[in-house]
Amino acid sequence: MRRFFSLILIIGFGFYLVTVIGRIPFAATGEAKGSVGVQIVNDTVNDTGAANAVTSVVVLYRGFDTLGEVTVLFLAALGMSLLLKGTEEVKARVFDESFILKTGSYLLFPFIVLFGLYIIVHGHLTPGGGFPGGVVIATAFFIIVMTSEMVRLRENLVSILESLAGLTFIALGIAGLLGTKNSFLANFMGKGVFNTILSAGIIPFIYAAIGIKVGSELTGAVGSMFLSPFGKQEEAGE
Amino acid sequence: MVNPILLIIIPLATAFFIPLLAIVWKNGSRYLALLAALANVLIGIKLLPYVLEKPIHVTIAGFKAPIGIDLLAGPLGIVFSLIISITGFLVLIYSIGYIRDESINKYYTLFLLLLTGSTGMVLTNDIFNLFVFFEILCISSYILVAYNRDEHGLEAAIKYLVLGSVGSLLFLIAIAIIYLKLGTLNMADISDKFDALGGSYRMMVVVLILSGLGVEAAIFPLNSWLPDAHSSAPSSISALLSGFVIEVALIVVMKLVYSVFHAMQVLNALAVVGVITLLVGEFAAFRQENIKRVLAYSSIGQVGLILLALSINSKAGISAAVLQIINHTASKSILFLVSGYFILKTGSYRYSDYSGIAKRMPVSSLLFVLAALSLIGVPPFLGFFSKLQIVMAAAARGSTFYVSLVSLVLLGTIVEGAYFLRIAQVLYFGRQQDTDSGWLETGNAAGIDMESVGNAPVSAVIPVLLLGIVVVFGFLFLTNLNGVTGSIAGEITRALSLASLF
Amino acid sequence: MINYFFLLLVIVMLGSAIAIIFIRNLLAAVIVVTVVSLVASILFIFIASPDVAITEATIGAALTTVIFVLALSRTKKKT
Amino acid sequence: MSNLITIENIVYLASFGLILIGLFIVFSDKNLVKLVIGLDIAETGVNILLVSTGYIQGKTAPIFSRTGLKASQMVDPVPQALVLTAIVIGFGVTALALALVVRLYQKTGTLDVSEIRGLKW
């Protein structure tokens, strides 16, 4: 019964969506309406000095959204650790770790972190950047936590990193507010040589902060889903 | 002049800073959060005179309006961020004594992010940025609803989360249509180009945004989450959720409908929906026994009234609605904050268990009754004047449509009066033997020392008293208030345009 | 020609999404969601958005699956 | 027939299909985890729709690393930035929803919506 009504509701909604949006021919619009995107893609190299226009939009043109977005992740991680705290007694690992698995994960760890950092610092040159890079770094930690009993994530450490990265983001923004452009998040540094790592002013720095923040937030969020993520620290902490 | 962006940045940075502070000073977040809210109040007061003359337009990252994100701090933005930060500040004072469990740092972080999200929603002038702040607001309220981690709270939070997420999906679809057709996200720019859009697209955008934000604004068919969510959150949080979260969502929706989408054709439908919301809320409240559910349903009723007033399509109506929002914020916060201590002291949610509590908690009970009277609309409280203005604004339209809606509102008011007076009667004249049958001895989970049963602690009474002053003596400042609400009404009814920003 | 390949991908994606309605085993459903996300990330590459594709693949496909699987392992009946 | 199979139509098919299937799962399924899965699928659909708003046929990604590319050959970067935001927000909501579900499961021992009193909507 419930399925039947849902089906009717969904078909109705779908019909409405298709009849209205389905008529918009999108693949050739863009220029015709003089959208902000066209202006941005024309000006981005001059304005920001970043080779990747998506990055310049994410970090500068719409950097305020990105600040909100890392806040959402921050909230999710916080909420998860609040909700799941002390839910289950500390349990043994899901599987017994073998020597090879442990050593292998230790060997892999620095490379995965390095790869994550590479993705982050090249965010303004190539696809990628803070979000995927942060995920990669978080993954490195999960591999260690999953395979090795000795390593425990310290919840405090994760949240310190998270806070510091968030405050760095805001501090860079406020520096723009105090600078000559007098606008939050304005690019107050020089643009540098186009298409090199230290180009594009504050973009690499903000993206690094985003990367660290996203990485630590995801570590915290997924970590609190693990059976015994933070070990005994959890009972003592807070 | 202060940059209005600080209104968003200060609570956000404080929220990020709290985990660091917690390491060196465990309870420091209490006072830090208070400071942040106080700073917002001061900035808001300082900015108010400026924005009443001319809205402040702030660009972010130094890019001009349609390209980058911008904020528009008009009378609406600043007055609402003042409402948010003042309520937040007072509830933070209340929380000092009320929130005593071990995760207080998380509580204050979430609290500040709730303030950030709602302040951002009223200040931003970019529709996707609005979506981001909407998400911050929603997610922090989902978590706060489940803060007690009991079964009710978790159920309510899941229900709220599912409805809210579906709402934000619809909102995103609307943004996609807007960007697809207009190529811009700036509200003023959208407003300039919107009328050139085909009728079906316009209707769809308005419908999607109304139903997306309508979940948070508790408009009638979308408000089934509200009674559960508001009644299972900690009382201090219920005060915020009922006090300004719904109103912020509502006023932002109406701002979009009026000044960005110019969708006057939906206003009549919205007025009807408002009256239905009101009647549903008031009649459901009448049947409840749990005091927090009574208050939550009463909030639905009030939101219906505010929605009706906002849909009258005249400056007088909107101005009256804003006055009613101020009254509702103050009164409903008092009611929730006081009932929080009723519940804590008696360990019971049923208001019939509170018989004669007025002898034990005279100040709180008195303020509870005064706030209830103001919500009903008894003179000379603020609520009387706001309801009077709403009725007058509806009558001024002169059509039978509005007159009949207003008569239904009066019916709702009678019901409202009935259940509030019933509670007041229990508080003051409840049967004496109930006190002897030992309701005072019933335990409570919060670990309050039962020896100290008496009036609520000072930290709880001060904010309630301050809010009480607004409700009781608000009418003395009616002309000032009307000036402010009038300029908000002016801002909402005027169509935004990009040219006027520079 | 590329369009037909594209269409095939979308059919696979929608097919897996519809399959979720009927799958009772939650773990299987989660794996099928990963298929949806991965196909979506291939789609993103086709419509010239590598940034989104990378993010969708890492967050949408990988991390979401991890978190679903962990959640499922916490909601198993205690034996 | 073949003029129907354009990238445009296929993208619409994908996004509308996912949105509708996802919402159908949300409204009809009784299992809380599947409800969250439904939200996730619908979000993916909306993301595809949003990305497609910036797509212009025959143009490349807006990255200037390769020399010789001109701005006029590139697609609109703004929707891509929006979708990055939307994906991350979607992940946050999904993770939080799962945390709530896990916690509720530990309180009530069930994932079935109809067995949980307060969730019958």
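Q: Explain the overall build of chain D to me, please; I cannot follow it from the model alone.
A: Secondary structure summary: chain D contains three helices and zero strands in total. The order of α-helices and β-strands along chain D, N terminus first, is α-α-α. At 19 Å, chain D has a C-alpha radius of gyration far larger than the 14 Å of a compact globule built from 121 residues. For chain D, the spread of C-alpha atoms along the principal axes amounts to about 60 × 40 × 15 Å. The buried share of chain D, taken over its 121 residues, is 75%. For chain D, the proportion of contacts with a sequence separation of at least 24, taken over those separated by at least 6, is 52%. Total accessible area on chain D stands at roughly 3,400 Å², and carbon and sulfur atoms take up 54% of it.

Q: Please clarify how the overall build of chain B should be interpreted in this entry.
A: On a plain count of helices and strands, chain B comes out with 21 helices and two strands. Relative to the globule expectation of 23 Å for 502 residues, the C-alpha radius of gyration of chain B, 22 Å, shows essentially globular dimensions. With the C-alpha coordinates of chain B rotated into their principal frame, the extents come out at 70 × 60 × 40 Å. Relative to its full complement of 502 residues, chain B shows a buried share of 70%. Of the contacts formed within chain B by residues at least 6 apart in sequence, a portion of 81% connects residues at least 24 apart. Summed over all atoms, the accessible surface of chain B reaches about 14,700 Å², with 67% contributed by carbon and sulfur.

Q: Any chance you could explain the nonpolar core here in plain terms?
A: The nonpolar side chains of soluble globular proteins are, as a tendency, buried together. Ranked by internal contacts, the top residues of the largest apolar core, which has 353 residues, are F64(A), L67(A), M225(A), I127(B), I173(B) and F261(B). Setting aside residues up to four positions removed in sequence, I127(B) forms contacts with F171(B), I175(B), I178(B), L185(B), M187(B), I190(B), I209(B), L256(B) and F261(B). Judged by nonpolar contacts, the second largest core, of seven residues, contains V41(A), A51(A), F64(D) and M74(D).

Q: I'm lost on the interface of chain A and chain B in this one. Help?
A: Where interface size is quoted, it is often the accessible area lost as the parts come together. Taken together, the contacts link 50 residues of chain A with 61 residues of chain B. When chain A packs against chain B, close to 5,000 Å² is buried across both sides, 75% of that on carbon and sulfur atoms. Here chain A is connected to chain B by one salt bridge. The partner of D126(B) in a salt bridge is R62(A), and the shortest N-O contact between them spans 2.6 Å. If you look at where chain A meets chain B, you find five residue pairs in polar contact (both at pLDDT 80 or more). Residue assignment for the side of chain A that touches chain B shows that the elements contributing at least two residues are α1 (2–21), α2 (36–48), α3 (53–61), α4 (63–84) and α7 (155–178) of chain A. Per-element tally for the side of chain A that touches chain B: the top contributor is α4(A), with 14 residues. Residue classes in the side of chain A that touches chain B are distributed as 28 nonpolar, twelve polar and ten charged.

Q: Would you mind showing me how to read the pairing of strand β2 (residues 70–73) of chain B here?
A: The side chains of a regular strand alternate between the sheet's two faces. All names here are of chain B. Residues D70 and L72 line one face of β2 and the alternating positions L71 and A73 line the opposite face, and both faces are buried. Inspection of the sheet shows strand β1 (residues 56–59) paired to β2 by four bridges, in the antiparallel sense. Of the residues in β2, the one forming a bridge with I56 is A73.

Q: Quick question: what am I supposed to make of the arrangement of the chains here?
A: The top pair by number of contacts, from a total of five pairs of chains in contact, is chains A and B. Where chain B comes nearest to chain C, the C-alpha atoms are still 15 Å apart, and the two do not contact one another.

Q: Sorry, what's going on with the confidence of the model for chain B here?
A: The predicted coordinates of low-pLDDT regions are not to be read in fine detail. All names here are of chain B. Of the residues in chain B, 95% have a pLDDT of 70 or more, and the chain-wide mean is 86. Model confidence for chain B, summarised as mean pLDDT per element, is weakest for helix α18 (residues 432–436) at 43 and strongest for helix α5 (residues 127–145) at 93. Throughout residues 432–452 the model reports pLDDT below 50, and contacts reaching past four residues in sequence, or to other chains, amount to 24 contacts.

Q: Looking at this structure, how should I read the pattern of salt bridges?
A: Oppositely charged side chains are able to pair whenever their charged atoms sit close together. According to the stated counting rule, one finds nine salt bridges over all chains in the structure shown. A salt bridge links D65(A) to R62(A), with the shortest nitrogen-to-oxygen separation between them at 2.9 Å. The class for D65(A) is buried, based on a relative accessible area of 1%. Taking the shortest distance from any N to any O, the salt bridge between D189(B) and K193(B) comes out at 3.7 Å. Within this pair, D189(B) and its partner K193(B) are both found in helix α7 (residues 187–194), separated by four residues, close to a single helical turn. D189(B) gets classed as buried once you look at its relative accessible area, which sits at 8%.

Q: Looking at this model, I keep getting lost on the environment of A50(A). Mind explaining?
A: Residue and element names in this part refer to chain A. Looking at the element boundaries, A50 is found in the loop between α2 and α3. With relative accessibility at 0%, the residue A50 sits in the buried group. Contacts of A50, omitting those with residues within four sequence positions, involve T44, V45, S56, H124, F194, A200 and I203.

Q: Any chance you could explain a nonpolar patch on the surface here in plain terms?
A: Residue and element names in this part refer to chain B. Together, V458, I462, L466, I469, F473, L476 and F477 give the surface a local cluster of nonpolar side chains, amounting to about 670 Å² of exposed area. Along the chain, L466 turns up in helix α19 (residues 458–473). Exposure remark for L466: the relative accessible area of 38% places this residue in the partly exposed category.

What counts and how
- Residues numbered from 1 in each chain as written.
- Chains lettered and ligands numbered in written order.
- Predicted model: local features only at pLDDT ≥ 70, side-chain atom pairs only at ≥ 80, totals over all residues.
- Heavy atoms only, no water.
- Helix = DSSP H or I, 4+ residues; strand = E, 2+ residues; numbered from the N terminus.
- Rg over C-alpha atoms; globule rule 2.2 N^0.38 Å.
- Buried < 20%, exposed > 50% of the residue type's maximum accessible area, 1.4 Å probe, protein only.
- Contact = heavy atoms within 4.5 Å.
- Areas by Shrake-Rupley, 256 points an atom, 1.4 Å probe, with all protein chains shown as cover.
- Core = buried A, V, L, I, M, F, W, Y, C linked by side-chain atoms within 4.5 Å.
- Buried area = accessible area lost by both parts, 1.4 Å probe.
- Salt bridge = Lys/Arg side-chain N within 4 Å of Asp/Glu carboxyl O.
- Polar contact = N/O pair within 3.5 Å; in protein donor to acceptor, adjacent residues only side chain to side chain.
- Nonpolar A, V, L, I, M, F, W, Y, C, P; charged D, E, K, R; others polar.
- Pairing = 2+ DSSP bridges.
- pLDDT = per-residue confidence, 0-100.
- Patch = residues over 30% accessible without salt bridge, like charges linked within 9 Å, V, L, I, M, F, W, Y side chains within 5 Å.

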